[in-house]
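# Descriptive analysis of the structure
These are the residues of each chain, in order.
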Amino acid sequence: MKYSVLFIASILIVAVFIAGCTQQPATQQPSTTQGVIKVGVIASLTGPASNVGTNMWQSAQVAADKINSEGGVTLKDGSKAQIRLIVGDDESTQQGGQKAATKLITDDKVDILVGGYSSAVTSSYQQTIAEYKIPYIVTGASSPIITHRTDIDTSYIFHHCPTTDTYGQYTTMFIDQVVRPEVNKKLGAPAARPFRLAMLYQDTAFGKGVQSAVNNTITTGKLNIQLVSQQSYRMGESDFRTPLTAIKAANPDAVYLAAFPNEGAPIITQARRDIGLNTIFLNVENNDNAQFYKDLGQYGEGAIIESRFSPYVAPVGAVADAQNEFKQSYFARFGTFPDMMGASTYEGIFIAAQATKNAGTTDKVAVRQELIALNMPQVIEAMKDQTCSFSPDFRESTFDLWMEQLSYNATLGETRPLIVWPDNLKTTDFVLPSWYVAGSSP
Amino acid sequence: MDNLGVFLQIIFWGLYAGCIYILLATGLNLIFGVMKIVNFAHGEFLMIGAYITATIFFISGINPYLIILLSMLALIGIGAVIERFCFRPILGTGKLNEIFLSIGLIYIFQNGAAIIWTDEWQSVKSPYDGISLPFGSLSVPLDYILIMFFTAAIICGLYLFLKKTTIGMQMRATSQNRKGAMLVGIDVERIDVISFGLGCALAAAAGTLWIVSGQIFNPYMGSIPAIKAFAIIILGGLGSIPGAIIGGLLMGLAENGAAFLLGGIWKDAISFVILIIVLVVRPTGLFGEKGD
Amino acid sequence: MHFKKDEMVKYGTVLALVIAITIPFATDSMFILNLLVLMLIFIIFASAWNLLAFSGQGSLGHAAFFGIGAYASTLIAANSGMSPFITIFLGAAVAAFVGILIGLTCVRLKEWFLAMVTFGFAIIVQTLTVSVLAPITGGWDGIASSRLLSPSIPGYQLIEYYAVLLITIASVAAIWYIMKTRIGLAFLAIRENELEARAAGIDPVRYRLLAFALSAYLAGVAGALQIHHIGYLTPELYGVDNSFWPVTYVILGGLGTLAGPIVGTIALTIIWEGLKSTGLTFGRYVIVGVMLILAIIFLPRGLVSLPEQVQGWLKRRKRKEPPSGTG
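Residues numbered from 1 in each chain as written. Chains lettered and ligands numbered in written order. Predicted model: local features only at pLDDT ≥ 70, side-chain atom pairs only at ≥ 80, totals over all residues. Heavy atoms only, no water.

### Quick notes on the overall build of chain C
Here is the rule: For helices the rule is a DSSP run of H or I covering at least 4 residues; for strands it is a run of E covering at least 2, with both sets numbered from the N terminus onward. Each radius of gyration is computed over the set of C-alpha atoms, and the globule rule expresses the reference value as 2.2 Å times the number of residues to the power 0.38. Relative accessibility under 20% of the residue-type maximum defines a buried residue, over 50% an exposed one, and the middle range a partly exposed one, all with a 1.4 Å probe and only protein chains included. We call two residues contacting when some pair of their heavy atoms lies within 4.5 Å. Asp and Glu count as negative and Lys and Arg as positive, but His and the ends of the chain are not part of the count. Note on charges: their place is set at NZ of Lys, CZ of Arg, CG of Asp or CD of Glu.
A tally of helices and strands in chain C yields 14 helices and 2 strands. The C-alpha radius of gyration of chain C comes to 21 Å, within 12% of the 20 Å expected for a compact globule of 327 residues. Dimensions of chain C along its principal axes, counting C-alpha atoms only, are 80 × 55 × 40 Å. Classification of the 327 residues of chain C by burial places 56% in the buried group. When contacts within chain C are restricted to residue pairs at least 6 apart in sequence, long-range pairs at least 24 apart make up 75% of them. Positive and negative side-chain charges in chain C, numbering 21 and 15 respectively, have mean positions lying 10 Å apart.

Quick look at the structure:
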């Protein structure tokens, strides 16, 4: 007992000592170091979102390595500056996010910030961004609120990933233009037949954002789509049979899922295997990762994923090569493959480098001006007009999203995607699987 | 599908989900009965059990239903170590200290697992995936029937162990009267180790069955089932096995009913609304004993 | 050197106050200042939880009061235009009111039953916030919360730190006063033996509710302070993390003591941030977990009992060892 007290005391002392010592290296380099652009990366390295956060941070490292190995960023005075990344772990919590952002901005004195995953976490430090006027390229948070907030100055915040508004709109358009005619053809029904769409969404800012986007798109476009059932579940749920039963009772033509990959795969499996809901499932882009295909197995057949970066497919052309190169360098370094939050973070670093290069300096006002005026060729993901630029109103990037349909590959025991929409990217046509059962009015 | 079919199906899924909770709740009750402690980190044993099964399966490709025994044995060992070095030193120092210790264990297990097995979601494919049996008007995946069978077998085995073996009888004696048990010469500390180990083994069985049925898993998977199992044994009355079973069924029905009628967000909240109502009427739970 | 206990407490308090007041001058890091503000807020929160535990009621759902205080204060400030410095205390009153309601359902419950019911309340309150109350709370999207002080005021971070420090000192002093009066003695009597307390003419139900109200009030103050400091409010505030943190801080520091929550919060914050700056990710949770377990096994009365333990140990060692022995 007595020795144990000393033992505890010494542990605490050592811990405090470590704390004191390790605080040093972070601030060792003076903030005015010539030839270095300090890029802060805010990512969830721990907590429930750690797998996404790790992917973002590792992708940022791959991007920085590539830029640095090609000589770095040329500044106004002709000198070459290297990118130096500093990571801030937001611990998937609001307090963590606030601490990480303050540390990067005030202690590490970064020139520009990239990253940010959960909208709830990101919103907790936006006021710090506004206050210190640091350009921040958000590459993970999907809520449009991030740049639409009016209570603080968001003019330094740039949103480089599609928002829930975008996914909802694209997918609803796809349903209207492609799925609805196919179903009518199969039924031999007139074009006036309303399409019966059901939704199953995660009850969070993400899921509700998609849900309201779908509703808005249908209303504003006066689309011939009827929402026959809208069910929700709590984040982290694993048993979806009850909402799926309710959806089946509504006889839908297709089901749109606003879910995370760890929910989307069980939903489709339970729907097809346990409920016998043999319909088309439409998924949000974040499901497009290797694990999703593995978890889904045979049940993924016929499903649709709205996507912008996939482990198994790329739109033909220059983008495909760039994506492969990124995947390979990522794999060479970390032994796994990047997902789409990683891809947009990778681009975020390139955008930060380009804006700094255009400004010729790390001065924050100048860099922000260059971000507003940004017009650089797309990096690895397909962008609208093949260029990365931010919209003048809310500083959001516009991605060229696509729809892919999964088909079963018996030798792999998994499904693989093929792009079926839009016309300029597609490699095959959307088809209704042979087992597909269309909905009907009860 | 007729309404009766839907009703049968919902009951069937409730039973299947209930199996996981019954195994977890029985384990918690076993430990509580003997040691009068509740381990808030019980879900982490479910997670470790699942990962052990998955690892052996990925390496050897043995039928995961057979690995369940290995996983349970491993967790008896891990549980015994945790009991001996973590819970025994704080036995009798207050409930809040147990919660505190559990928080420490949750940190260690969740993040230790993330270091060993990474934090990515993973899945195990059952060899019977895709096989369904006709069962009256419904067709039921074979895996679900196997899970119910395994749960029933494990619970029956536990019952026989408690009734027929010397150690089982000593465990029951200790849980009825700890001091009395010590007086008649039972080594209660040994009984503590065994009960804790068995409780953890039941969690490992739950974890194995959970992932074999097609649930995907990561190091944080244990928290939600553990909290639910915990709410169930509180609802049923601490230490009462029939209470745990009836509590589990009640919550299963209430959760699914609430998700259907009020929306999915109410699924967790409704369990606690029921828990609160029951406890206001009966402060020791449905089948809990009156007393201190 | 040998101090008497009350001398040590006196000097310790003075020293702590001096450090707290001078620390902003020792660092020019805004990160550390921000960290200190968050730490002070958690000292209030942990102290609030401790007050309830002092009356024998361990809550696992204090995030409910933390969140209600934050929402109420934010909404009052937004609709009335009052300064957050006023609405913090009004919002906390709402938390106290809800605390009494929750306390009423809990008066007959003990230990695990109480813990589970309070835990459930945090989930129920969160569910209500995002469903029925969504039109006023903003649902999952959350709402903006007015700042304690406008960033346009020069040196506002410093003023904010001292304002939060003042509220923290006032809260701790209030708890110290409560514990000293008849109320504190009644809490203690109920915790130790309810029957005897009843025999001595103490109404346990009344005092239990009072403990709930006071604790919820201070937790509400802490929640409101944090959210006015951060500037944006989302329902994640009701998360399990926020319910478990005060338990960890208080028991690490020393349950039922005035200094416990303060010592525990400071110690864990330093350890946590220290480990974080080494770049460890999952590893730092494992290390903290091991430390927590060692602490509860070897220092069951918390870090505040460390000096006593060490003194006792030194005494015993002196007595046992012969003068010539070297061990």
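### Examining the confidence of the model for chain C
All names here are of chain C. Put simply, the rule reads: One confidence number per residue, pLDDT, is output by the predictor and ranges from 0 to 100.
Per-residue pLDDT for chain C averages 89, and the proportion of residues at 70 or more is 96%. Considering each helix and strand of chain C separately, the mean pLDDT is smallest for helix H14 (residues 306-320), with a value of 81, and largest for helix H3 (residues 63-80), with 95. The ipTM, which scores confidence in the relative placement of chains, is 0.89 for this predicted complex, and the corresponding pTM is 0.90.

### A short note on the interface of chain C and chain B
How we decide: Buried area: the sum, over both parts, of the accessible surface (1.4 Å probe) that disappears when the two are put together. Pairs of N or O atoms are called polar contacts if they sit within 3.5 Å, as long as, within protein, a hydrogen donor faces a hydrogen acceptor (for residues adjacent in sequence, only side-chain-to-side-chain pairs). Amino acids outside the nonpolar list (Ala, Val, Leu, Ile, Met, Phe, Trp, Tyr, Cys, Pro) and the charged list (Asp, Glu, Lys, Arg) are all regarded as polar, and Gly is one of them.
On the side of chain B, 43 residues touch chain C, which itself brings 42 residues to the contact. Taken together, the two surfaces of chain C and chain B that pack against each other cover about 3,900 Å², and 85% of this comes from carbon and sulfur. For the pair chain C and chain B, the number of links is 1 residue pair in polar contact (both at pLDDT 80 or more). For the side of chain C that touches chain B, the secondary-structure elements that each account for two or more residues are helix H2 (30-54), helix H5 (111-130), helix H11 (240-253) and helix H13 (282-298) of chain C. Ranked by residues supplied to the side of chain C that touches chain B, first place goes to H5(C) with 13 residues. Broken down by class, the residue content of the side of chain C that touches chain B amounts to 32 nonpolar, 8 polar and 2 charged.

### A look at the sheet that holds strand S8 (residues 225-233) of chain A
Through backbone hydrogen bonds, the strands of a sheet pair up, either in parallel or in antiparallel fashion. All names here are of chain A. The test is simple: A strand pair is defined by DSSP finding two or more bridges across the two strands. Angular values range over 0 to 180 degrees, each being the angle between N-to-C directions of two axes fitted as lines to C-alpha atoms, with helices fitted over their stretch in contact.
Taken together, 7 strands build an open sheet; the order of strands is S8-S7-S9-S10-S11-S14-S15 and the sheet is mixed. The two strands at the open ends of the sheet, each matched to only one other strand, are S8 and strand S15 (414-421). Sheet twist, expressed as the mean angle between neighbouring strand axes with direction ignored, is 25°. Pairing of strand S10 (residues 280-283) with strand S11 (residues 304-307), which is carried by 2 bridges, proceeds in the parallel orientation. If you follow leucine 282 over to S11, its bridge partner there is isoleucine 304. Docked against the sheet, helix H8 (residues 205-221) engages strand S7 (195-202), S8 and strand S9 (254-258), running at close to 160° with respect to S7.

### As for the packing of helix H5 (residues 142-164) of chain B against helix H8 (residues 188-212) of chain B
Residues and elements named next belong to chain B. Just so we agree on the cut-off: By the definition adopted for this analysis, an angle is roughly parallel if under 35 degrees, roughly antiparallel if over 145, roughly perpendicular if from 65 to 115, and oblique otherwise.
Where H5 contacts H8, the axes come no closer than 10 Å and their chain directions differ by 170°. With respect to each other, H5 and H8 are oriented roughly antiparallel. Contacts from Asp143, Ile147, Phe150, Thr151, Ile154, Leu158 and Phe161 in H5 reach Leu198, Leu202, Ala205, Leu209 and Val212 in H8. Residue composition of the contact of H5 with H8, by class: 10 nonpolar, 1 polar and 1 charged.

### Describing the interface of chain C and chain A
Definition in use: Salt bridge, as applied in this entry: a Lys or Arg side-chain nitrogen positioned within 4 Å of an Asp or Glu carboxyl oxygen.
At the junction of the two partners, chain C supplies 52 residues and chain A supplies 46 residues. For the pairing of chain C and chain A, the buried interface totals around 4,300 Å² over both sides, and the portion due to carbon and sulfur atoms is 63%. Among the residues of chain C in contact with chain A, Phe31(C), Trp140(C) and Trp313(C) are the three that bury the most area, contributing 16% of the side total. Linking Asp89(A) and Arg284(C) is a salt bridge whose minimum nitrogen-to-oxygen distance equals 2.8 Å. Going through the elements one at a time, H2, H5, helix H7 (156-180), helix H10 (204-230), H11, helix H12 (259-277), H13 and H14 of chain C are the ones with two or more residues in the side of chain C that touches chain A.

### Thoughts on the confidence of the model for chain A
Residue and element names in this part refer to chain A. Across chain A, pLDDT averages 89, with 92% of residues at or above 70. Every residue in residues 1-9 scores below 50 in pLDDT, and together they form 15 contacts with partners more than four places removed in sequence or on other chains. For residues 14-33, every residue scores under 50 in pLDDT, and the model assigns this stretch 21 contacts once sequence neighbours within four places are set aside.

### Quick look at the packing of aromatic side chains
Here is the rule: Ring geometry is summarised as follows: Phe, Tyr and Trp rings, the Trp one being its six-membered ring, pair when their centres sit within 6.5 Å, and such pairs are stacked at plane angles under 30 degrees, edge-to-face over 60 and tilted between the two. A positively charged side chain is recorded as over a ring if its NZ (Lys) or CZ (Arg) lies within 6 Å of the ring centre. The angle to the ring normal must also be within 35 degrees.
As enumerated under the stated definition, the model contains 45 aromatic pairs over all chains in all. With 6.5 Å between their ring centres and 45° between their planes, Phe119(C) and Phe244(C) make a pair best called tilted. Here Phe119(C), found in helix H5, pairs with Phe244(C), found in helix H11; they are 125 residues apart in sequence, far enough to count as distant. There is no split in this pair, since Phe119(C) and Phe244(C) are both buried. The rings of Tyr107(B), Phe42(C), Phe45(C), Phe66(C), Trp245(C), Tyr249(C), Trp272(C) and Tyr285(C) are connected pair by pair, giving a single aromatic cluster. It is Arg416(A) that lies over the ring of Tyr312(A); its NZ or CZ is 3.6 Å from the centre.

### Structural notes on empty space enclosed by the protein
What counts here: The pocket and cavity definitions rest on a 1 Å grid over protein atoms only: a 1.4 Å probe that fits but cannot leave marks a cavity, an open set with protein on both sides within 12 Å along at least five of seven lines marks a pocket, and residues lining either have an atom within 4 Å of a point. Grid points are joined across faces, edges and corners, and a volume is the space filled by probe spheres set on the points.
For the structure on display, the rule yields 9 cavities of 30 Å³ or more. Approximately 180 Å³ is the volume found for the largest cavity. In terms of lining, the largest cavity is formed by 15 residues, of which the most central are Gln98(A), Asn34(C), Tyr156(C), Gln157(C) and His229(C). Residues belonging to the lining of the largest cavity are distributed by class as follows: 5 nonpolar, 7 polar and 3 charged. What the second largest cavity holds in volume is close to 140 Å³. Contributing to the lining of the second largest cavity are 16 residues, with Thr269(A), Asp295(A), Lys125(B), Asp129(B) and Gly214(B) lying nearest its centre.

### Focus: the pairing of strand S14 (residues 402-409) of chain A
Residues and elements named next belong to chain A. The pairing of S11 with S14 spans 4 bridges and is classified as antiparallel. Across the sheet, the residue bridging to isoleucine 304 is glutamine 405, located in S14. With 7 bridges joining them, S14 and S15 adopt antiparallel strand pairing. Note that in S15 the partner of methionine 403 across the bridge is tryptophan 421. Hairpin connection between S14 and S15: a loop of 4 residues separates the two successive antiparallel strands, and glycine 413 in this loop has a positive phi of roughly 75°.

### So, the pattern of salt bridges
The tally for this structure, following the rule as stated, stands at 36 salt bridges over all chains. Between Glu131(A) and Arg147(C) there is a salt bridge; the shortest N-O distance is 3.7 Å. Here Arg147(C) lies in the loop between strand S1 (143-144) and H7 and Glu131(A) lies in helix H5 (residues 126-132), a pairing that spans two chains. Among the residues examined, Glu131(A) registers a relative accessible area of 22% and is labelled partly exposed. Note that Arg193(A) is salt-bridged to Asp253(A), the shortest N-O span being 2.9 Å. Of this pair, Arg193(A) sits in the loop between helix H7 (164-187) and S7 while Asp253(A) sits in the loop between helix H9 (241-249) and S9, placing them 60 residues apart in sequence.

### Overview of the domain arrangement of chain A
Residues and elements named next belong to chain A. Applied cut-off: Domain start and end points were adopted from an automatic or database domain assignment.
Once the domains are mapped, chain A shows domain 1 (32-162 + 320-388) and domain 2 (165-307 + 402-421). Each of domain 1 and domain 2 has a C-alpha centre, and the two are 31 Å apart. Opposite the 6 residues of domain 1 that make contact, domain 2 presents 10 residues. For the pair domain 1 and domain 2, the two sides together bury roughly 770 Å², of which 65% comes from carbon and sulfur. The three residues of domain 1 that bury the most area against domain 2 are Ser142, Pro162 and Met340, which together make up 56% of that side's buried surface. Linking domain 1 to domain 2 there are 0 salt bridges. Class assignment of the residues belonging to the side of domain 1 that touches domain 2 gives a composition of 4 nonpolar, 1 polar and 1 charged.

### Quick word on unusual backbone geometry
Residue and element names in this part refer to chain A. Between tryptophan 421 and proline 422 the backbone carries a cis peptide bond, its omega angle lying at -5°. Considering the arrangement of structural elements, one finds proline 422 in the segment after S15. Even without being a glycine, glutamine 386 presents a positive backbone phi close to 55°. Relative to the assigned elements, glutamine 386 resides in the loop between strand S12 (376-377) and strand S13 (387-388).

### Considerations on the pairing of S10(A)
Residue and element names in this part refer to chain A. To keep it simple, the criterion reads: If the strands point away from the viewer and the path from the first strand over the helix to the second runs clockwise, then the crossover is right-handed.
Neither face of S10 is left uncovered, since the one carrying Ile280 and Leu282 and the one carrying Phe281 and Asn283 both have all their residues buried. Across 4 bridges, S9 lies against S10 in parallel orientation. Within S10, the residue paired with leucine 257 across the bridge is asparagine 283. With helix H10 (residues 261-275) bridging S9 and its parallel neighbour S10, the resulting β-α-β unit is right-handed.

### Description of the side chain of Gln126(C)
Assignment of secondary structure puts Gln126(C) in helix H5. Judged by its relative accessible area of 9%, Gln126(C) is buried. Here the side chain of Gln126(C) touches Pro235(C) through a polar contact of 3.1 Å, landing on its backbone oxygen. Those residues in contact with Gln126(C) that sit more than four places away from it in its chain are Arg234(A), Trp140(C), Pro235(C), Glu236(C) and Tyr238(C).

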